[in-house]
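One-letter residues, chain by chain:
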Amino acid sequence: MCGIVAYLGNKQALPLILSGLRKLEYRGYDSAGVALMFDNEIVVRKTAGKVSDLEALLGSNGYDKDANIGFGHTRWATHGEPNDTNAHPVFDDNNEIVVIHNGIIENYKVLKTRLEREGYQFRTDTDTECLVHLIRSHYKNVMDFETAVRLALAEVDGTYGMCVLSKFEPDKIIAARRGSPLVLGVGEDEYIIASDATAIIPHTRQVLYLLDGEMVIVTRNKFEIKTIHDEKIERELEVITFDLEEIEKGGYEHFMLKEINEQPDSITNTMRGRIIKDNGLVKLGGLINVTEKLKYAPRIIISACGTAWHAGLVGEYMIEQMCKIPVEVEYASEFRYRNPVLYPNDIMFVISQSGETADTLAALKEAKSRGADVYGIVNVVGSTIARETHAGVYTHAGPEIGVASTKAFTSQLTGLALISLMIAQYRNSLPHDEIKKITDELLRIPDKIKQILALNDQILEIARIFKFCQHMLYLGRGYNFPVALEGALKLKEISYIHAEGYPAAEMKHGPIALIDQNMPVIFIAPKDSTYEKIISNIREVKARKGVVITITDFDSDGPSEEYSDYIIKIPHTLEMLSPILTTIPLQMFAYHLAVLRGCNVDQPRNLAKSVTVE
Ligand code: F6R
């Protein structure tokens, strides 16, 4: 949801800002702009389109010559359509103060009416413009840049990660956060502020994560952290541990393809040090302090959005089966607004790759405010959700840049398997040898994924056949019903083919009406407890001339082969772990289909990686 990069130092700011924006483009890519401070004049250049369009606009006009202070923005539109005018940075009336903003100003209408009455003219349709006029309006009274920003922020409802520059104090950048992430990088005689650390690590590994309600005032050779109420904050710098290669494509054509192929490693990293070698039991350091709570939890609620919600559905099957605790899986966006009933000792798990998803964060806060303990399953270390939860488990999948989530999902599933096993240990709800059998198999999963990745050419050929299809149905049962939802989501978000996921047996209650020779149906049918049933569903589709693609395992032959038009055979695993494997061919299929259709798989239209608005 919008990427922000700001620079103050001795180097040329523009190339640095542009390279940071390219790294943050996954957060939004409908328009882009920069503001540079030149000898007391602020120059803004902005355009609809991607960072590459901004670069084309800047051309060789020499903007990179002198300025060593400035900032840039890559936008995911909330207020106002994505055009040149609404792109950020946004100026005040006199082009003396300029703002970039990620988030939503909820009371912008009230503020706008008041500011228009005061004589300010609005030139964009953005909510951000109130912020810059508001700062200007306070500046007129207090004649101090920092105080003006503080007073303006105090009047704003909603969320922001924002940076502001002013001609009046040209050697200063002020940034503030509420609800939208900001990180300060501290280098040698230079500072970089960005929406996430990926734009910072080429320059420094020393960072400070701003918390909600905090602002940073950066001047030459100095930075200060304060609350927006002017209280000083002292906090140690943190050191980023991931490497630059992890956020680069490493020879792959797309981040998504790289991340699909990384899954043997990302899953290994999720498990690293968590399965005790000698006895096969599970130990999760991040949950050790809440052992008793987990052991006696009367109910577990899992809340998340999108792909992470699908992981939660698989988690429901795992926890109920292994721990015998009732589980409810909630869309985070619904949980918050429906006055949920929480019992004493209920536990909530929130799942999030980015750790910044606004809806998930709101659900977390809602549960906390009602007295529940909330634990995280989060990928991005130090993210807001990771900080807000009482305890939790990092998935350690590494940075995920492709907008469509792939390796984060399989690491979430792996994390959920580990959590379920650990709770089962505490509760004695599963015999030790059963737990060991599962952890032994978990350790074999990375190799099995490698075998699936080797099916690339076959999956590409199947994708070619369906290049022009318009609809697709994904059906699965039990543990693989959520995989059907996830497969359909992957396809629609990157190839724009309409796809639906359903529990296979539900097909006859409605969707079967759609089946004909133009409706390809993907069945996820490994040989598990529902195999025979799902074969009947395959037959039902074939009887209506549907085209069937089946994902099954090596062990199953016969019926699935007989009734399928195309079959993708993957290694066999335990039923509860099968979603980790069955997901992979669906990711590969969606990827190839999208590439064949000429879609931008890493930056699908209308989407952004980290959804920090509600
Ligand atoms: C789909 C996808 C989204 C995210 C969702 C939650 O491929 O990536 O559906 O899963 O926006 O994001 P996180 O996990 O960052 O909270």
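Residues numbered from 1 in each chain as written. Predicted model: local features only at pLDDT ≥ 70, side-chain atom pairs only at ≥ 80, totals over all residues. Heavy atoms only, no water.

### Observations concerning the packing of aromatic side chains
Working step 1: For the coordinates displayed, the defined rule picks out seven aromatic pairs.
Working step 2: A ring pair is formed by Tyr 191 and Phe 223, whose centres lie 5.8 Å apart and whose planes are at 65 degrees; its orientation type is edge-to-face. Remark: Phe 223 occurs in strand 13 (residues 222-227) and Tyr 191 occurs in strand 10 (residues 191-194); sequence separation between them is 32 residues.
Working step 3: Tyr 191 gets classed as buried once you look at its relative accessible area, which sits at 8%.
Working step 4: Owing to a relative accessible area of 25%, Phe 223 belongs among the partly exposed residues under this scheme.
Working step 5: Aromatic rings pair up to connect Phe 466, Tyr 566 and Phe 589 into one cluster. (Phe/Tyr/Trp six-rings, centres within 6.5 Å; stacked < 30°, edge-to-face > 60°. Helix = DSSP H or I, 4+ residues; strand = E, 2+ residues; numbered from the N terminus. Buried < 20%, exposed > 50% of the residue type's maximum accessible area, 1.4 Å probe, protein only.)

### Brief notes about the site of the ligand
Working step 1: Residues in close proximity to the ligand total 14 residues, the closest being Ser 352, Gln 353, Ser 354, Thr 357 and Glu 493.
Working step 2: Contact distances for the ligand include 2.4 Å between an oxygen atom and a side-chain N or O atom of Thr 357.
Working step 3: Within the contact set of the ligand, an oxygen atom lies 3.4 Å away from a backbone nitrogen or oxygen of Val 403.
Working step 4: Burial of the ligand by the protein chains amounts to 90% of its free accessible area of 410 Å².
Working step 5: The set of elements that each furnish at least two residues to the shell around the ligand consists of helix 9 (306-323) and helix 16 (481-495).
Working step 6: In terms of residue class, the shell around the ligand is built from five nonpolar, seven polar and two charged. (Near = heavy atom within 4 Å. Polar contact = N/O pair within 3.5 Å; in protein donor to acceptor, adjacent residues only side chain to side chain. Areas by Shrake-Rupley, 256 points an atom, 1.4 Å probe, with all protein chains shown as cover. Nonpolar A, V, L, I, M, F, W, Y, C, P; charged D, E, K, R; others polar.)

### As for the pattern of salt bridges
Working step 1: Considering all chains together, one arrives at 34 salt bridges under this definition.
Working step 2: Between Asp 565 and Lys 542 there is a salt bridge; the shortest N-O distance is 2.8 Å. Here Asp 565 is found in the loop between helix 18 (559-563) and strand 25 (566-570), whereas its partner Lys 542 is found in helix 17 (residues 531-543), with 23 residues between them in sequence.
Working step 3: Under the relative-accessibility criterion, Asp 565 is labelled partly exposed at 37%.
Working step 4: On the accessibility criterion, Lys 542 (28% relative accessible area) is partly exposed.
Working step 5: Within the structure, one salt-bridge network assembled from shared partners comprises Glu 146, Arg 150, Lys 226 and Asp 230. (Salt bridge = Lys/Arg side-chain N within 4 Å of Asp/Glu carboxyl O.)

### Things to note about the nonpolar core
Working step 1: Residues Leu 287, Leu 294, Ile 300, Phe 349, Tyr 474 and Phe 589 are the most contacted members of the largest nonpolar core, which totals 93 residues.
Working step 2: Examining the composition of this core, we find that 11 residues originate from one element, helix 13 (residues 407-427), more than from any other.
Working step 3: In this structure, this core is formed jointly by two domains, domain 2 (249-453) and domain 3 (455-601), each of which donates at least three residues.
Working step 4: Beyond its immediate sequence surroundings of up to four residues, Ile 300 is in contact with Ile 319, Ile 325, Pro 326, Val 327, Glu 328, Ile 347, Phe 349 and Ile 423.
Working step 5: By size, the runner-up hydrophobic cluster in this structure holds 34 residues, among which are Val 5, Phe 38, Ile 200 and Ile 201. (Core = buried A, V, L, I, M, F, W, Y, C linked by side-chain atoms within 4.5 Å. Domains from an automatic or database assignment. Contact = heavy atoms within 4.5 Å.)

### Digging into the sheet that holds strand 1 (residues 3-8)
Working step 1: Across the sheet, eight strands lie side by side as 3-2-4-1-10-9-11-15; this open sheet has antiparallel pairing. Every interior strand has two partners, whereas the edge strands, strand 3 (41-48) and strand 15 (238-239), have only one.
Working step 2: Where strand 9 (residues 183-186) meets strand 10, four bridges bridge the pair, whose relative direction is antiparallel. Its bridge partner lying in strand 10, Val 183 is registered against Ala 194.
Working step 3: The sheet strands contacting helix 1 (residues 13-24) are strand 1, strand 2 (31-38), strand 4 (69-75) and strand 10, and the helix crosses strand 1 at an angle near 155 degrees.
Working step 4: Those strands touched by helix 2 (residues 51-58) are strand 2, strand 3 and strand 4, and its axis lies near 130 degrees from that of strand 3. (Pairing = 2+ DSSP bridges. Axes fitted to C-alpha atoms, helices over the stretch in contact; angles between N-to-C directions.)

### Examining the environment of Ala 484
Working step 1: The topology assignment puts Ala 484 in helix 16.
Working step 2: Take Ala 484: its relative accessible area is 0%, and that puts it in the buried class.
Working step 3: Note: C-alpha distance between Ala 484 and Lys 436 (48 residues apart in sequence) is 28 Å.
Working step 4: Discounting residues that sit within four places of it in the chain, Ala 484 has contacts with Tyr 474, Leu 475, Gly 476, Gly 501, Tyr 502 and Ile 524.

### Comments concerning the packing of helix 14 (residues 432-453) against helix 19 (residues 578-596)
Between two packed helices, the angle of one axis relative to the other and the distance separating the axes together describe the packing.
Working step 1: Axis separation between helix 14 and helix 19 bottoms out at 10 Å; the angle between their running directions is 25 degrees. Taken together, the axes of helix 14 and helix 19 are roughly parallel relative to one another. The hand of the helix 14/helix 19 crossing is right-handed. Side by side, helix 14 and helix 19 meet where Leu 442, Ile 445, Lys 448, Ile 449, Ile 452 and Leu 453 of the first sit next to Ile 580, Leu 581, Ile 584, Pro 585 and Met 588 of the second.
Working step 2: Partitioning the contact of helix 14 with helix 19 into residue classes produces 10 nonpolar, no polar and one charged. (Parallel < 35°, antiparallel > 145°, perpendicular 65-115°, else oblique. Left-handed = near helix turned anticlockwise from the far one by under 90°.)

### Describing the domain arrangement of the protein chain
Working step 1: Taken as a whole, the protein chain is organised into domain 1 (3-240), domain 2 (249-453) and domain 3 (455-601).
Working step 2: Here the C-alpha centre of domain 2 lies 34 Å away from the C-alpha centre of domain 1.
Working step 3: Facing the nine residues of domain 1 at the interface are eight residues of domain 2.
Working step 4: Together domain 1 and domain 2 conceal approximately 720 Å² of surface at their shared face, both sides included; 53% is due to carbon and sulfur atoms.
Working step 5: Across the domain 1-domain 2 interface, the total number found is two salt bridges.
Working step 6: Taken together, the links from domain 1 to domain 2 amount to two residue pairs in polar contact (both at pLDDT 80 or more).
Working step 7: Here the side of domain 1 that touches domain 2 is built from residues that sort into five nonpolar, one polar and three charged. (Buried area = accessible area lost by both parts, 1.4 Å probe.)

### What about the pairing of strand 20 (residues 391-394)?
Side chains on a regular strand alternate between the two faces of the sheet.
Working step 1: Burial along strand 20 is one-sided: the residues Ala 391 and Val 393 are buried and none of Gly 392 and Tyr 394 is.
Working step 2: With four bridges joining them, strand 19 (residues 373-378) and strand 20 adopt parallel strand pairing. Counted as the bridge partner of Gly 376 is Gly 392 from strand 20.

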